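# Examination of the molecular architecture
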Amino acid sequence: MTITKRPLMYWVKTSNLKLQILLLIVILVTVTTRVIPLEMQKKIVNQAIGMKKIDLLFLYCGFYLASVVIASGMKFVITYLQTLLGQQALTRIRKEMFDHILQLPLSFFRKTSSGLVVSSLVTEVVSASEFVGQAIAVPVTNLLTLLAFGGYMFYLNPLLACLSLIIYPIVIAIIPRMQRRSNEANKQRVDITRALSSKIGETISGIHEVHANGSYRIENRKYGVFVEQLQRTRITWTLYKQGIKTLNNFFQNLGPFTLFIVGGYLAIHGRFDLGALVAFLSAYDKLYDPWKELMDFYQTYQDASVSYVRLMEYYDLEPEHLTEPIDREPFPLKGAIQVKDLSFTVAGGIQLLKQVSLELNQGEQLALIGFSGSGKSTLAQCISQLYTYTGGSVQIDGHEVNDLTKRDLALNMGVVAQSPFIFDGTIKENLLYSCQAMLEDNGAESGEELPTLDEMIEVIQQVGLFVDILRFGLNALLAADQEAELVDKLIRVRENFQNQFGRDLAEFVEFFDEERYLYFSSVATNLIFGNPNKPEFTADQLANNQYFLDFLDEAQLKNSLISLGHQLAEQTMDILANLPPDEIFFQQSPISSDEFEDYRALVGRTAGARLHDLSEQEQHLYLKLSLRFTPGLHKIVALPEVVEKLILDGRFLFRKKIQQDHPGVISFYRMSEYIHSQTILDNILFGKPRTDHPKSQERINQSIIHLLIEEDLLEQIVELGMNFRVGTKGDRLSGGQRQKLAIARVFLKAPPILIMDEATSALDNASQKRIQNLLETKWKGKSTLISVIHRLDTIKGYDKIGVMKAGKIIEMGTYEELLAKKGVLYEFIHGAKTGAQ
Amino acid sequence: MNSSTEPRQAPSEYQANLEILLQIPLFSGLPIEALKLLAYLCRREIFKEGEIIFQQHEMDENAYFIIDGKAKLILENGGDEEISEFSESAFIGGLSMFYGMKRLFTLKAETQVTCLMLSREKFQKTLEQFPTITGKLFEGLVKSIYEWEIRVIGEHDQDCARCRGSIGVTLV
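Only a predicted model underlies this, so the values are computations on that prediction, with no experimental measurement involved.

How each quantity is defined
Residues numbered from 1 in each chain as written. Chains lettered and ligands numbered in written order. Predicted model: local features only at pLDDT ≥ 70, side-chain atom pairs only at ≥ 80, totals over all residues. Helix = DSSP H or I, 4+ residues; strand = E, 2+ residues; numbered from the N terminus. Buried ≥ 20, exposed ≤ 12 C-beta atoms within 10 Å, placed from the backbone. Contact = placed C-beta atoms within 7 Å. Pairing = 2+ DSSP bridges. Axes fitted to C-alpha atoms, helices over the stretch in contact; angles between N-to-C directions. Parallel < 35°, antiparallel > 145°, perpendicular 65-115°, else oblique. Left-handed = near helix turned anticlockwise from the far one by under 90°. Nonpolar A, V, L, I, M, F, W, Y, C, P; charged D, E, K, R; others polar. pLDDT = per-residue confidence, 0-100. Arc of directions from axis to C-beta. Core = buried A, V, L, I, M, F, W, Y, C linked by C-beta atoms within 7 Å. Domains from an automatic or database assignment. Expected span 1.5 Å × (residues − 1). Bend = angle between axes of the 7 residues up to and from the residue.

### What about the overall build of chain B?
- Within chain B, the secondary structure is distributed over four helices and eight strands.
- Each helix and strand of chain B, ordered N terminal to C terminal, gives the series α-α-β-β-β-β-β-β-β-β-α-α.
- Evaluated residue by residue, chain B yields a buried proportion of 25% over its 172 residues.
- Taking all contacts inside chain B whose residues are at least 6 apart in sequence as the whole, residues at least 24 apart take part in 73%.

### Concerning the sheet that holds strand 2 (residues 52-54) of chain B
All names here are of chain B.
- Taken in spatial order, the four strands of this open sheet run 2-7-4-5, and their pairing is antiparallel. Edge positions in the sheet fall to strand 2 and strand 5 (79-86), since each has one partner strand and no second. When strand polarity is set aside, the average angle formed by the axes of neighbouring strands in this sheet is 35°.
- Pairing geometry for strand 4 (residues 71-77) and strand 5, over seven bridges, is antiparallel. When the bridges of strand 5 are listed, Asn-77 appears paired with Gly-79.

### What about the packing of helix 2 (residues 17-51) of chain A against helix 3 (residues 54-103) of chain A?
Residue and element names in this part refer to chain A.
- At a minimum axis distance of 8 Å, the contact between helix 2 and helix 3 shows a crossing angle of 160°. One finds that helix 2 runs roughly antiparallel with respect to helix 3. You can see that helix 2 and helix 3 cross each other, and the crossing is left-handed.
- Taken together, the residues of the contact of helix 2 with helix 3 sort by class into 27 nonpolar, five polar and three charged.

### Things to note about the interface of chain A and chain B
- At the junction of the two partners, chain A supplies 26 residues and chain B supplies 25 residues.
- If you list the elements that add at least two residues to the side of chain A that touches chain B, you get helix 10 (207-213) and helix 22 (558-576) of chain A.
- In terms of residue count, helix 22 of chain A provides more of the side of chain A that touches chain B than any other element does, five residues in total.
- Across the side of chain A that touches chain B, the residue classes tally to eight nonpolar, 14 polar and four charged.

### Focus: the confidence of the model for chain B
All names here are of chain B.
- On average, residues of chain B score 86 in pLDDT, and 95% of them reach the 70 mark or higher.
- Overall, residues 1-7 carries pLDDT values under 50, and its contacts beyond four positions in sequence, including any with other chains, amount to six contacts.
- As scored by the predictor, the complex reaches a pTM of 0.68 and an ipTM of 0.83.

### Let's talk about helix 1 (residues 13-23) of chain B
All names here are of chain B.
- Listing the buried residues of helix 1 in full gives Glu-13, Tyr-14, Asn-17 and Leu-21. What you see down the axis of helix 1 is that its buried residues fit within an arc of 95°, all on one side. Turned more than 90 degrees away from the buried face of helix 1, the exposed residues are Glu-19 and Gln-23.
- If you follow the buried residues of helix 1, they end up packed against helix 2 (32-41), strand 1 (43-47) and strand 8 (113-119).

### Some words on the nonpolar core
- In this structure, A:Leu368, A:Cys382, A:Ile383, A:Ile743, A:Ala744, A:Ile755 and B:Leu38 are the most contacted members of the largest nonpolar core, which totals 164 residues.
- No fewer than three residues from each of domain 2 (337-463 + 726-835) and domain 3 (477-708) of chain A sit in this core.
- Beyond its immediate stretch of four places on either side in the chain, A:Ile755 contacts A:Ala380, A:Ile383, A:Ser384, A:Met413, A:Val415 and A:Ile786.
- Residues A:Leu81, A:Met97, A:Val125 and A:Ala128 belong to the second largest nonpolar core, which totals 20 residues.

### Things to note about helix 2 of chain A
Residue and element names in this part refer to chain A.
- Its 35 residues give helix 2 an end-to-end C-alpha distance of 50 Å, which sits within 8% of 51 Å, the value for a rise of 1.5 Å per residue.
- Taken as a whole, helix 2 carries its principal kink of about 40° at Ile-44.
- Among all positions of helix 2, only Leu-23, Ile-27, Thr-30, Val-31, Arg-34, Pro-37, Leu-38, Met-40, Lys-42, Lys-43 and Ile-44 are buried.
- Contact partners of the buried residues in helix 2: helix 3, helix 7 (137-156) and helix 12 (274-314).
- Residue Lys-52 follows helix 2 closely and has a positive phi angle near 55°.

### Some remarks on unusual backbone geometry
All names here are of chain A.
- One non-glycine residue, Asp-712, lies in the positive phi region at around 60°.
- Here Asp-712 lies in the loop between helix 27 (694-710) and helix 28 (714-721).
- Asp-712 sits in the exposed class, given 9 other C-beta atoms within 10 Å.
- Even without being a glycine, Ala-750 presents a positive backbone phi close to 50°.
- According to the C-beta neighbour criterion, Ala-750 is partly exposed, with 17 such atoms within 10 Å.

### So, the sheet that holds strand 1 of chain B
All names here are of chain B.
- Read across the sheet, four strands follow the order 1-8-3-6 without closing on themselves; strand pairing throughout is antiparallel. Two strands close off the open sheet at either side, each with one partner strand: strand 1 and strand 6 (91-92).
- For strand 1 and strand 8, the ladder comprises five bridges, and the chain directions are antiparallel. If you follow Glu-45 over to strand 8, its bridge partner there is Cys-115.

Here it is in structure tokens:
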């Protein structure tokens, strides 16, 4: 049974049975212990106090105390068990819902925003789980308690008991009516909350558009409508909920009134002893809690079922295709594709594809071209089962695509989407994403293994990612205590680099030269000119290091640096003060985005202040900034010549002092030593690149790759690079890199059918050609390829070319055939040539 | 301590950039806050004689202002056809700030060229912060295309039948 068809009670029935039984036992014990205090109360008043027996008083009080302690302890155990059951149910619902939602057809997600799914899985399911935790324990405990107290009251005096319990049937008659109203309001609340989260999700994902149009008011208004509706509904809902509680309370409080009148009368006439009346009143009082809890439970149940039913209704959609094949192994497909009279109609009767037919043998390659909106991508997506076509047929090796399971396709097909999605994680994880998914599906026994490092390197070379990943590897830091062998080799690479390329590349690299100021390193690095071996001397701790501060004083640098820091902060604020803390704005300032607010406040506070006016704390903050100041990067302030000279002199003073006072704390930059605080690249260069312009990167890369090959290090560095984290949605990669990565992961999977939807659109010419070449040499005859193409100069090598217009294939044939025909393709190519003039 | 009022200090590269941006007609309508941000975000680059600044058919999402030096624009169509020459104060590639395109020409440094480069990404980030300037920028862009076409029509040779197809860009 799919999850959305299950009733709420399913989760109670399938919860941990042992825990539920344990819970029941604990409850039974608790209920028994609850009556003891009442009996003791009576005994204390009548026997101990009445008879003036101290020993009995102690005894009964002891019992009283013991039962209260046990009851409290039990209560705790009950709560624990309930929470455990509830949270277990919650986790199950969340996991199974997510699994279900992932499999829903793509069309579902066009109308459902991610915000809505988030709120469903995060908040809406909570009330259901609360109910599951309470479902057995609460009603059973409280009903039993009620029965126990009620029975006890009958045992004391049947008449009084009847009188005081008569209100309950009345309450039971009234409350469900009110609850129905409350449920109505709750249903509305769920719907409005859902609309609201959709709206928020939409606005946030369209925030660029909102900013660009300045449409803050429009968005506020749309949002406001929902918020106000929600307010009204919540008020109604709360009124009914509280109304039920109040009514309940009222009846409950009427009870003692009857008791006093009747009980008092009986006591005065000596037909009822005082102790019994006290016990009776207490018993009645004790009825209140279980009754109230039952009421609360009733409401929890009602709210939970409303939210739950609403939730399940929304997602009550069958996945269009089975995940796993039943009664058979997944098909190993060869990749012959036959499309016949395929049509695809979407809501509103709009036909995106009309009677499309085509045939591809195993290993044949088809290029689809045409204007945007002509249905190229739609056709590719219908063949890859991403869209469920509405008419005609698509067959792969004679199997109808709509009847295949997801697993059949995942095993046999690789899709590169127009704007592929890259997940947060390392390059390697993304590279292996498709293979990993396939492997996990097959289970461990299949004997297949993930691609080896060599295979991965081969593929990243093929798609043109090798240099990029090498670059990531070169930007890695090596920890001081590991990779000793690698470090030795890198030192050799450094020496060779200096000998062979040092002079040529001097314009691109600023070498670590102790006689010169380093414009592409921070002030701190310029002073220390070495690698710290103690945490107190690392760059971010220097401003807190008293020894270093004393040194700055002695070097006549402290005041100039504080003043420089002040200038840096002021200038940054002048430019960025009213902007959101977007990372891109902070790359060229020594202030990081999370310190921004602090420095803004600081600049505001110290505006126009003289150096001596600043407190020690303020001086410290400014000093911190100036120690990070890197003139080659932070162009907002020019480094005064005087300060530059002082820093250079300071470098030598510092070295002299620290070698005397704390020898070994700093490893000074030497050609023969690895610098662990710098990247591998900077270590090889023994300096910093002056610019990140591609032309200089390329020059540096060329020379370094050559040297790395000599030392047999290339693969090791690339392996380090594959551990580079790409950021959420791969945002630390360029558009081209993301596309290459997506192509690489499909090539690595090597499926018999390849679907590429404008897969190379963001690539430079060279990469595009390389990949086209690869498709023609390596993949032709091996994998059937359907490629949606936007550039006409890559189509020559395809076996077939389909030209699409308004949902139809209007021309189909080889490149030569279509050109000879002088039809639409001919016009395209001819037109493109004149257009470029 | 107030840097802007005390002349004793050399101006920073940022300040020099800001002065350059103030000269560029496309940016003339922008508020000073936006120009400051752009001046802060752009970078300087030096190209040696003979180096390619951008390459025909390659994606290039930068605009360039030549601070110093000369560069020539080449159309690689079979052979290399030299189209024009840019020198000091030329601003090239404003359209790339709005749409990522593959270059239709190659720009090559004739002498050593120092230029100010602004990337589309950073420009777009600035636009997001000052959404109201979009209109001004488009006005400036359209105006320069319009003036371009007036010049082309003025120089149009009526006997050249093949040239007729290439005019009319203002009608897009």
